[in-house]
Amino acid sequence: MTLTPRLTLMLVLPPLLWAGNAVVGRAIGGLMPPLLLNAMRWTLAFLLLVPLARALLQDLTPWRARWRYFALTGLLGMGCYNALQYQALHSSTALNVTLIAASLPVWMLAIGALCYRLWPTRRQLAGALLSLAGVALVISRGHPDRLTQVTFVQGDLLMLLAVLCWAFYSWLLARPPAYLQGAQRPDWDWAAMLMAQMLFGLVFCWGSAGVEQLTQPAPVQWGWPLVLALVYVAVGPSLIAYRCWGLGVAQAGPTVAAFFGNLTPVFAALMSAALLGEGPRWFHGAAFALIAAGIVVSAPGLKSRAEPTRH
């Protein structure tokens, strides 16, 4: 596996767009409840995808025969991960959420070893340490001693569950079942594959949003800021990011992709700094260098052990 410019771009775009998702999610936190925001996000993404996914919508027979896989990926990638993340942004601190999200490469390696018997190499473990060091540098703003002052609250459990859901989701993308490989794979393009997940994901999203409204009803403050935010989270972090992530995971594998995911807090810090009128600091560049080093170190050791099945 070689990190070509095209593959690198596909793996860098998702964390960039997801960083914007976190910033936007915090900015409009008081305008719409988190689970309703997640349901509205994916509903709009579904409507935008309809013209591109005619192959699936014209014949649902292959989808029905493979419903278990799409139900699971829809639950993990859309119904659980995003809902838990939005809830975490309401009930936990940004520092804690970033700390927990930075553990993604570790969970990727653990799931690969436990579920797929793909044991991590020394290079991958070294890459994980470099990547985590870069994230720690960002969230501590160049003062590592601040990490000892972090306290965890109930909302942190939500983010941990979100990270675990995303790790399993990524492995399912990289290692789909036999009936989604080779000649047995439906004649679908990327839009139809994503739509197949959405058909189940939307059920989970609206189900959780309905429970939220019954237990903790909150008004929606409609206006241009909320509308523009919904358009962004539906197009960028949903359609574009999920498309690029699926391609990137299929080619590089979930473990290397997870290291790229740790660019999210760097991008989020830069975006937050830009919104506050502050320039980049030295630790932003140093963190980016550490995370990039972790990617470079870990990538060569992946091919022989975790070569994914393309889909």
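The structure we're discussing is the one just above.
Residues numbered from 1 in each chain as written. Predicted model: local features only at pLDDT ≥ 70, side-chain atom pairs only at ≥ 80, totals over all residues. Heavy atoms only, no water.

Some details on the overall build of the protein
Along its length, the protein carries 15 helices and zero strands. Counting every position in the protein, which comprises 311 residues, the buried fraction comes to 51%. Within the protein, counting contacts between residues at least 6 apart in sequence, those at least 24 apart form 92% of the total. By element, 67% of the accessible surface of the protein is carried by carbon and sulfur atoms, the whole surface being about 13900 Å². (Helix = DSSP H or I, 4+ residues; strand = E, 2+ residues; numbered from the N terminus. Buried < 20%, exposed > 50% of the residue type's maximum accessible area, 1.4 Å probe, protein only. Contact = heavy atoms within 4.5 Å. Areas by Shrake-Rupley, 256 points an atom, 1.4 Å probe, with all protein chains shown as cover.)

As for a nonpolar patch on the surface
Judged by side-chain polarity, Leu48, Trp222, Trp224, Val227, Leu228, Val231, Val235 and Ile240 come together as a nonpolar surface patch covering roughly 790 Å² of accessible area. No other element matches the six residues that helix H11 (residues 224–252) contributes to the nonpolar patch. Mapped onto the elements, Leu228 comes out in helix H11. Classification of Leu228 as exposed rests on a relative accessible area of 56%. (Patch = residues over 30% accessible without salt bridge, like charges linked within 9 Å, V, L, I, M, F, W, Y side chains within 5 Å. Salt bridge = Lys/Arg side-chain N within 4 Å of Asp/Glu carboxyl O.)

Structural notes on the packing of aromatic side chains
For the structure shown, the criterion picks out 14 aromatic pairs. The interplanar angle of 20° and the centroid separation of 4.8 Å between the aromatic rings of Tyr116 and Trp171 together place this pair among those described as stacked. Note that Tyr116 is positioned in helix H7 (residues 104–116) and Trp171 in helix H9 (residues 155–174), a separation of 55 residues in sequence. With relative accessibility at 25%, the residue Tyr116 sits in the partly exposed group. Take Trp171: its relative accessible area is 1%, and that puts it in the buried class. (Phe/Tyr/Trp six-rings, centres within 6.5 Å; stacked < 30°, edge-to-face > 60°.)

Keep in mind these numbers describe shape, not what the thing actually does.
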